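The chain contents come next:
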Amino acid sequence: MDDFDLDKVINAKGAEKDLQKAVRVEQNIKENINQIISSYTTYKENCDAIAQKLLLRILNAKELKSIHSARYRIKEAKSLAVKIIKKKAKLPEIPSDDYDIEKYRNLDSHNYYKILMDLIGIRILIRYRTEWLTVHQWIRDNFFRGNEWFVKNCLTDYKDNPGKPFIAEKPKIYYRSNNELSFYKQIDRDFFEFIKSDEGYNSIHYIINTDGKYIEIQVRTIFDEAWSECTHDLVYKNKNEEKMFDLTYLSKCLAQQTNSAELIANLMYIKANDGDNFDAISNFMNTIDIKTPMNDSVQSSNYNSETKTSIKNRIDSLNKETPAFDGKIKNLNMF
């Protein structure tokens, strides 16, 4: 806490406008945040041990040997302060009935760790979207204890000593297009909350409570991770509002290309694991919401020229899903 300067953090993160909005609903917000950060300094002391314990469990699970990688992070005090400001800034001056917004109104140093469930985060990266099925099943088998354990009220439902880790809320799937949604809805469709991301974000979030601390487990492909890293560094951290429109647009273009690249990688994965089983590829393609139909005349289990053309047409059609950008760099005429 000694080296924490809230004013410097606000200036460095470009959060001045959010602070102005937050002050309207909480005049002493700066004092409140400083108290939270002081408490958080102590709270963090055993977070590393808890996160490492779960990370090692993931890395040592024989069912998860195929994952690309996994890592953890503990939210920095600076990021925590800015998040609180942004959440408070979204509060209306007159309280509403929207609990997901209103739960931040009375957030303070005594309850922040019950309300903010992403103070500890673990990210699991997979190579191919189909590998998520294995990860999801492992998480469900090890942590799901029933819907009755889902937190409805962050304060009254908080468990400081649950005995066993449990999934604390309905897992969220952030998807960028109907292509991904149609794939996800084949598995445990009633188990998830589906959230459309217009920006291009694609990830699955699970919240578990272990030893009284919440951990957010994110699962995404290496393609989605690459997009996220670029967007976080070049768009989210951008402080030049004049550049924001162009950067946001290019980020959406990158998301579209990421989607196409991931599709090709998944086709390669199916090809490598199913040999020349065209039915496997056809079934995978049918999980994707593309208007171009497969050629009904293709009966062979082996690839032929018609098969390749049909798949190519489907991949090409992905690049036309977003009207503003057809997937070809030469057609970027925005400048």
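Here the structure is a predicted model, which is why all the values come from computation and not from measurement.

(A) Looking closely at the overall build of the protein. When helices and strands are counted, the protein shows 13 helices and 7 strands. Here the protein, with 335 residues, has 46% of them falling under the buried criterion. The long-range fraction of contacts in the protein, counting pairs at least 24 apart against all pairs at least 6 apart in sequence, stands at 68%. By element, 48% of the accessible surface of the protein is carried by carbon and sulfur atoms, the whole surface being about 18100 Å².

(B) Region of the structure containing the pattern of salt bridges. The tally for this structure, following the rule as stated, stands at 16 salt bridges. Measuring nitrogen to oxygen at the nearest pair gives 2.7 Å for the salt bridge that ties Arg71 to Glu225. One end of the pair, Arg71, is in strand β1 (residues 69-74); the other, Glu225, is in helix α10 (residues 222-236), with 154 residues separating them in the sequence. For Glu225, a relative accessible area of 6% corresponds to the buried category.

(C) Representation of the packing of aromatic side chains within the structure. Tallying each qualifying case throughout the model produces 19 aromatic pairs. Ring centres of Phe191 and Phe192 lie 5.5 Å apart, and the angle between their planes is 80°; this geometry places the pair in the edge-to-face category. For Phe191, a relative accessible area of 6% translates into the label buried. Every member of this aromatic cluster is reached through a ring pair, and the members are Trp132, Phe144, Phe150, Phe183, Tyr184, Phe191, Phe192 and Phe194. Between Arg145 and the ring centre of Trp149, over which it is positioned, the NZ or CZ distance is 3.7 Å. The residue whose ring lies beneath Lys213 is Tyr43, and the NZ or CZ to ring-centre distance is 4.4 Å.

(D) Geometry of the pairing of strand β5 (residues 193-196). Note: strand β4 (residues 172-175) against β5, 4 bridges, orientation parallel. Paired with Tyr175 across the strands is Lys196, a residue of β5.

(E) Structural detail: the side chain of Lys103. Within the secondary structure, Lys103 sits in the loop between α6 (99-102) and α7 (112-115). An unpaired buried charge is present at Lys103: no salt bridge exists, and Asp100, the closest side chain of opposite charge, is 4.4 Å distant. Not counting residues up to four positions away in its chain, the partners in contact with Lys103 are Ile115 and Cys154.

(F) Molecular detail of the pairing of strand β7 (residues 213-221). Here β7 lies mainly inside the structure; 9 of its 9 residues are buried. Going residue by residue along β7, you find Lys213, Ile215, Ile217, Val219 and Thr221 tucked away on one face and Tyr214, Glu216, Gln218 and Arg220 tucked away on the opposite face as well. For strand β2 (residues 120-126) and β7, the ladder comprises 7 bridges, and the chain directions are parallel. Considered in β7, the bridge of Gly121 is made with Glu216. In terms of strand pairing, strand β6 (residues 203-210) meets β7 through 7 bridges, oriented antiparallel. The residue of β7 that forms the bridge with Asn209 is Tyr214.

(G) Up close: the packing of helix α4 (residues 47-60) against helix α8 (residues 132-143). Direction vectors running N to C along α4 and α8 enclose 125°, while the axes themselves pass 12 Å from each other. Judged by the angle between their axes, α4 and α8 are oblique. The two elements α4 and α8 meet at a crossing, and its hand is right-handed. Across the interface between the two elements, Leu54, Arg57 and Ile58 of α4 pack against Trp138, Asn142 and Phe143 of α8. Its residues assigned to classes, the contact of α4 with α8 shows 4 nonpolar, 1 polar and 1 charged.

(H) Region of interest: α8. Compared with the 16 Å implied by 1.5 Å per residue over 12 residues, the 16 Å span of α8 between its first and last C-alpha is a close match. What α8 keeps buried is the set Trp132, Val135, His136, Trp138, Ile139 and Phe143. Summarising the axial view, the buried residues of α8 lie within an arc of 160°, below the 170-degree limit, and thus occupy one face.

Basis of the calculations
- Residues numbered from 1 in each chain as written.
- Predicted model: local features only at pLDDT ≥ 70, side-chain atom pairs only at ≥ 80, totals over all residues.
- Heavy atoms only, no water.
- Helix = DSSP H or I, 4+ residues; strand = E, 2+ residues; numbered from the N terminus.
- Buried < 20%, exposed > 50% of the residue type's maximum accessible area, 1.4 Å probe, protein only.
- Contact = heavy atoms within 4.5 Å.
- Areas by Shrake-Rupley, 256 points an atom, 1.4 Å probe, with all protein chains shown as cover.
- Salt bridge = Lys/Arg side-chain N within 4 Å of Asp/Glu carboxyl O.
- Phe/Tyr/Trp six-rings, centres within 6.5 Å; stacked < 30°, edge-to-face > 60°.
- Lys NZ or Arg CZ within 6 Å of the ring centre and 35° of its normal.
- Pairing = 2+ DSSP bridges.
- Lys, Arg positive; Asp, Glu negative; His and termini not counted.
- Axes fitted to C-alpha atoms, helices over the stretch in contact; angles between N-to-C directions.
- Parallel < 35°, antiparallel > 145°, perpendicular 65-115°, else oblique.
- Left-handed = near helix turned anticlockwise from the far one by under 90°.
- Nonpolar A, V, L, I, M, F, W, Y, C, P; charged D, E, K, R; others polar.
- Expected span 1.5 Å × (residues − 1).
- Arc of directions from axis to C-beta.

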